[in-house]
Amino acid sequence: MLAAVDHVQLAAPPGCEDLLRAYYVGVLGMTEVPKPPALAARGGCWFRAGAVHLHLGIESDFRPARKAHPGLRVTDIGAYADRLEAGGAPVVWDHDLPGHRRFYSEDPAGNRLEFLEPEEP
């Protein structure tokens, strides 16, 4: 029986770990989680914020997905969008999901990320 999503894995090109750290820690405000030594040898980074866990794995022939993405729920979405823009990340608002405010952005590797917040009834 499924109980929860443990983590979401995204991919990234070799050698971009410092850019990923700057974005996921510096811009999104997540914390880097040390990888176990056997997995750390493969490169990449793991990040968390509360119950949200994102793993960035390295792929030698990396190409960012055009549609696939994690949907990350946030609070005070307007302020969060401002934070991303101040950090140099794109913010593209989308008004097509009833009952939610949401925008899309992307990390330095080009991974699509959705940020959303339910609207007050």
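Okay, so let's go over this structure.

1. Focus on helix α3 (residues 77-86)
Reasoning step 1: Buried within α3 we find Ile77, Tyr80, Ala81 and Leu84. Angularly, the buried residues of α3 cover 100 degrees about the axis, an arc narrow enough to put them on a single face. Across α3 from its buried face, at more than 90 degrees, point the exposed residues Asp82 and Ala86.
Reasoning step 2: At its buried positions, α3 is contacted by α1 (17-27), β6 (92-94), β7 (100-106) and β8 (112-118).
Reasoning step 3: Looking one or two residues beyond α3, the residue adopting positive phi is Gly88, at roughly 85 degrees.

2. Considering the pairing of β7
Reasoning step 1: Sheet analysis places β6 next to β7, joined by three bridges and oriented antiparallel. Paired with Val92 across the bridge in β7 is Tyr104.
Reasoning step 2: Between β6 and β7, which pair antiparallel in sequence order, lie five residues; one of them, Gly99, sits at a positive phi of approximately 80 degrees.
Reasoning step 3: Sheet topology places β7 next to β8; seven bridges connect them, and they run antiparallel. Each residue of the ladder has a partner; that of Phe103, found in β8, is Phe115.
Reasoning step 4: The hairpin turn running from β7 into β8, its antiparallel successor, is five residues long, and Gly110 in that turn takes a positive phi close to 95 degrees.

What counts and what doesn't
- Residues numbered from 1 in each chain as written.
- Predicted model: local features only at pLDDT ≥ 70, side-chain atom pairs only at ≥ 80, totals over all residues.
- Heavy atoms only, no water.
- Buried < 20%, exposed > 50% of the residue type's maximum accessible area, 1.4 Å probe, protein only.
- Helix = DSSP H or I, 4+ residues; strand = E, 2+ residues; numbered from the N terminus.
- Arc of directions from axis to C-beta.
- Contact = heavy atoms within 4.5 Å.
- Pairing = 2+ DSSP bridges.

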